[in-house]
Every structure is written in structure tokens, then in C-alpha cells.
Amino acid sequence: MYIIIVGCGRVGANLVSKLSEEGHNVVVIDRDKDSFSQLGSGSNCMTITGMPMDEDVLKEAGIEEADALAAVTTDDNMNIMVSQIARQLYHVPMVITQTTDPEKQRVFTSMGLKTICPTTLTVDAFFCALKEGETEK
Amino acid sequence: MKIMIIGGGNVGYYLTKSLSAELHHIMIVEEDCSRCKQIISELGSKRIEVTQGDGTDVECLREAGIFNTDVLIAVTGHDQNNLVACQLAKDYFGVKQTISRVKNPKNIRVFQKLGVDSVISSTESIAGIINQELDWTDVNKLLQERSPNVQLRKMVVELGSYSERRHLKDLGIPKGLILITVLRGDRAIIPSGDTCLESGDEVILMGGQKDIDQISRKFKVMQE
């Protein structure tokens, strides 16, 4: 698959490595060129420095041919905007958006975005772990 | 009218000032606390409410009174925040009209496609003014002094636009508008109803702003 990852923070960089290892064709976009140092020397994916919501940058990343896009910057609104551009203007078949605000996740899921909320996932994990701890006692 | 403004920077500040003078009720949302205090102390009145918070946060919008809002105007310095504020207002809270500023003029099309009612780019407005004024400064100055409503403009027939390969008589030129000449290559054609426009033609028009705006759409390729 040809996959565009938007945002090369902890989540982005790890996602890139994992996908590259599986043999996917990965392009990663970030505003900060220093962020790519997190990718490690083994990574052979293409990197693009630029504002991810700029259509010129997205085109350079090959959005017209992409099979999937994951928006995982630390800016929820940026993720939402880039994802909608990918989905509604370029008809990328699979688009996944990270949003840390559960309420925003609800709203934009109902508007058709496929979202992942780290806050909800973490809360659920903690909740389960605490419950397990309680039953073990 | 009840108007909510997202972003209390320079644009938000002066917008609040001029809109509240017209007896509108303004609710302004700004993230920076000291900026909020400044707005309250300088513009504070019964018609202006200031809420400190993130204008793209559902809870904050609710607290700021979005349920009573007729129009939401997003003028923060970040295009992505303006888009999300408008979408939350329109799709989640049912605000009837949304207006947004964009910094990157390329985002005009994106915002329109994603449901924002009116999109304004100062970069593009200024670029437009420069384009239309540059060649015509003297003539326009003269027109402006004698007849402030009439303007002289040059437009290009775009490939695939309504006007391309169409006779002038079929163009629906408004009554108050005069088509002075069609520039093709190095020729200036004195137009008649049977003149057929080609892409790349430069058309020189004179008329009122409203008529010019109306006809200008026919020279451009419209985005669906």
C-alpha cells in the first residue's frame, strides 16, 4: 500500500517504522525537519518538510495516488483539516485521524471521519487495569 | 444580530469594534487571558461578551453562548482552527451562517468545499486589487473622481469557462456593462454580438462593481 503519514512525532515515527518493516510504501510529512531524526537510520521512507494542510505539500507527497493517509500530528485541528482534504477533495480510500479530544472525536466521527482518540484508549486501558487489580485483591 | 467571533487578535478586535457600533451583540472567544482583559477594558460594553478559551472546543463554545448565535466568524491566525470552529458551529450547533478568514489563499477552495459559507483571504484581496489596479491606475483614478461607481477592468477568458467559444450576444452581459474590446494575441478586436470568445482572450470591461462581479464568473472556471 502507498501510505501518507502526517506528523512525525512519537506516534508518527513509530507507525512509519512498523509500516515500512511490513514492506509498505510510506511517505511522512512534518513541518519540522528535525523531527525526522526520530525515524532511525534503518528507515528508507520518503520525508517531506512542509505545512501538511498545504495542498502543494500533499500533492508532493503523492496524495492523488495514495491508498491511505493517517493524520497523527499533535494538533487535533490540523489532523481534522488534513483528513477532510484527503477524504473529500482527493478521495483517498482510507483516512484515519487522531484527535485527543473525545468530544471532538464524537462530532467528527458523526461527520464521517474515522478517528482514533488516544485519550479514550488510555482511559479505557487504565480503567481495565484498575478493575483487574481490584478483582485480584 | 448575535455574532460570535473566534479569535481576538487584530482582526477580531476591530471587527468587534465596528460590528458592535452597528448594535449587534458580539460574543468573542479568545485563548489568551491578557488579550481578553485588554479587549474588555478597551471595548467593554453591554453588547460585548468575552470568553477566554479555545474556540474549537465544544464545551468552550457552549459556554460562550453558541446556541444563540446567528453568525459565527472565525478569524484566528490558524486556518485549521478557523475551519474546525466553523464546522462545529454549523454541523454540531446548527449556526446558520459561518464566515472564515484564511491565511493561505489556496484554502479558499478547501473551506468552501468543506462547508464554510463565506471565505475571506486578505492575501488574495490585496493581490486582486494589485492586479486590477496596476495597468489602469490613471484611468481608474479619473473614473473614480468623476463617477465613483464605474470601474474599468481587464479579465481573461479561462479555458473551460462559460464564456469560452461563446458569442458575446449569448453571454448575458448586464445592461449597465460595456465590453470595450477583446485583446487576442497582438490584435484588439472591436466587439460585436457575433464576436466569439476564445480561451486566453483578454476582455476589457467598464461598469458597476455588481455587474462586473456577475460577469466575471463567466470568464472563470467555476469549482463545483
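Here the structure is a predicted model, which is why all the values come from computation and not from measurement.

### A few points about the overall build of chain A
Consideration 1: In terms of regular secondary structure, chain A is built from five helices and six strands.
Consideration 2: Its helices and strands taken in sequence order, chain A reads β-α-β-β-α-β-α-β-α-β-α from the N to the C terminus.
Consideration 3: Overall size of chain A, expressed as C-alpha extent along the three principal axes, is 55 × 40 × 25 Å.
Consideration 4: When burial is assessed residue by residue, chain A has 38% of its 137 residues classed as buried.

### With respect to the overall build of chain B
Consideration 1: Looking only at helices and strands, chain B features eight helices and ten strands.
Consideration 2: Taken along its principal axes, the extent of the C-alpha atoms in chain B is 60 × 40 × 25 Å.
Consideration 3: Relative to its full complement of 224 residues, chain B shows a buried share of 30%.

### Some remarks on the interface of chain B and chain A
By a widespread convention, an interface's size corresponds to the accessible area lost as its parts come together.
Consideration 1: Listed by partner, the interface residues are 16 residues for chain B and 16 residues for chain A.
Consideration 2: For the side of chain B that touches chain A, the secondary-structure elements that each account for two or more residues are helix H3 (58-64), helix H4 (79-92) and helix H5 (107-113) of chain B.
Consideration 3: With eight residues, the single largest contributor to the side of chain B that touches chain A is H4(B).
Consideration 4: Classifying every residue of the side of chain B that touches chain A by side-chain character gives seven nonpolar, four polar and five charged.

### Details of the sheet that holds strand E3 (residues 46-49) of chain A
Residues and elements named next belong to chain A.
Consideration 1: In spatial order, the strands read E3-E2-E1-E4-E5-E6; together these six strands make up an open sheet with parallel pairing. Each end of this open sheet is capped by a strand with a single partner; those strands are E3 and strand E6 (114-116). Direction aside, neighbouring strands of the sheet carry axes that sit 20° apart on average.
Consideration 2: With four bridges connecting them, strand E2 (residues 25-30) and E3 associate as parallel partners.

### Here we look at the pairing of strand E2 (residues 25-30) of chain B
Residues and elements named next belong to chain B.
Consideration 1: Taking burial as the measure, the six residues of E2 include five buried ones, the bulk of the element.
Consideration 2: Bridge count between strand E1 (residues 2-6) and E2: five bridges; the pairing is parallel. Within the sheet, the bridge partner assigned to isoleucine 5 lies in E2 and is isoleucine 28.
Consideration 3: Each parallel crossover has a hand, and for E1 linked through helix H1 (residues 10-21) to E2 it is right-handed.
Consideration 4: Judged from the five bridges that link them, E2 and strand E3 (residues 48-52) form a sheet pairing that is parallel. Pairing of valine 29 across the sheet is with threonine 51, part of E3.
Consideration 5: A crossover links E2 with its parallel partner E3, the connecting element being helix H2 (residues 33-43), and its sense is right-handed.

### With respect to the domain arrangement of chain B
Consideration 1: In terms of domains, chain B is made up of domain 1 (2-124) and domain 2 (135-219).
Consideration 2: A straight line from the C-alpha centre of domain 1 of chain B to that of domain 2 of chain B covers 37 Å.

### Here's the deal with helix H3 (residues 76-89) of chain A
All names here are of chain A.
Consideration 1: With 14 residues, H3 extends 19 Å from end C-alpha to end C-alpha; this agrees with the ideal 20 Å at 1.5 Å per step.
Consideration 2: Burial runs high along H3: eleven of the 14 residues are buried.
Consideration 3: For H3, the set of buried residues is Asp76, Asn77, Met78, Asn79, Ile80, Met81, Val82, Ser83, Gln84, Ile85 and Ala86.
Consideration 4: Note on H3: the residue one or two positions beyond its end, histidine 91, has a positive phi of about 50°.

### Digging into helix H8 (residues 209-219) of chain B
One turn of an α-helix holds 3.6 residues; hence residues three or four places apart share an orientation.
Residues and elements named next belong to chain B.
Consideration 1: What H8 keeps buried is the set Ile212, Ile215 and Phe219. Buried positions in H8, seen along its axis, are confined to an arc of 80° and lie on one side of it. Away from its buried face, by an angle of more than 90 degrees, H8 presents the exposed residues Lys210, Asp213 and Arg217.
Consideration 2: On its buried face, H8 sits against strand E7 (150-156) and strand E10 (202-208).

### Re the sheet that holds E7(B)
All names here are of chain B.
Consideration 1: With antiparallel pairing, four strands are arranged side by side in an open sheet as E7-E10-E8-E9. Strand pairing shows two members of the sheet lacking a second neighbour, E7 and strand E9 (187-189), which therefore form its edges. Along the sheet, successive strands turn relative to each other by an average axial angle of 20°, direction set aside.
Consideration 2: Pairing geometry for strand E8 (residues 178-184) and E10, over five bridges, is antiparallel.

### Considerations on the nonpolar core
Consideration 1: Ranked by size, the top nonpolar core spans 65 residues in total, and within it A:Ile4, A:Ile5, A:Val6, A:Leu69, B:Met4, B:Ile5 and B:Leu72 carry the most contacts.
Consideration 2: Apart from the residues within four sequence positions on either side, B:Leu72 is in contact with B:Met4, B:Ile6, B:Ala85, B:Cys86, B:Ala89, B:Val95 and B:Thr98.
Consideration 3: Among the nonpolar cores identified, the runner-up in size contains eight residues, and B:Val182, B:Leu197, B:Ile215 and B:Phe219 belong to it.

### Things to note about the confidence of the model for chain A
Consideration 1: The share of residues in chain A with pLDDT of 70 or more is 99%, and the mean pLDDT across the chain is 93.
Consideration 2: Confidence, read as mean pLDDT per element, is least for helix H5 (residues 118-136) of chain A in chain A (91) and greatest for strand E4 (residues 68-71) of chain A (98).

### Brief notes about unusual backbone geometry
Consideration 1: A positive phi is found at A:His91, a non-glycine position, where the angle reads about 50°.
Consideration 2: Residue position: A:His91 is located in the loop between H3 and strand E5 (94-98).
Consideration 3: Looking at A:His91, the number of C-beta atoms within 10 Å reads 10, which means it is exposed.
Consideration 4: One non-glycine residue, B:Leu23, adopts positive backbone phi at about 70°.
Consideration 5: With respect to the helices and strands, B:Leu23 occurs in the loop between H1 and E2.

Cut-off values and rules
- Residues numbered from 1 in each chain as written.
- Chains lettered and ligands numbered in written order.
- Predicted model: local features only at pLDDT ≥ 70, side-chain atom pairs only at ≥ 80, totals over all residues.
- Helix = DSSP H or I, 4+ residues; strand = E, 2+ residues; numbered from the N terminus.
- Buried ≥ 20, exposed ≤ 12 C-beta atoms within 10 Å, placed from the backbone.
- Contact = placed C-beta atoms within 7 Å.
- Nonpolar A, V, L, I, M, F, W, Y, C, P; charged D, E, K, R; others polar.
- Pairing = 2+ DSSP bridges.
- Axes fitted to C-alpha atoms, helices over the stretch in contact; angles between N-to-C directions.
- Right-handed = clockwise from strand over helix to strand, strands pointing away.
- Domains from an automatic or database assignment.
- Expected span 1.5 Å × (residues − 1).
- Arc of directions from axis to C-beta.
- Core = buried A, V, L, I, M, F, W, Y, C linked by C-beta atoms within 7 Å.
- pLDDT = per-residue confidence, 0-100.

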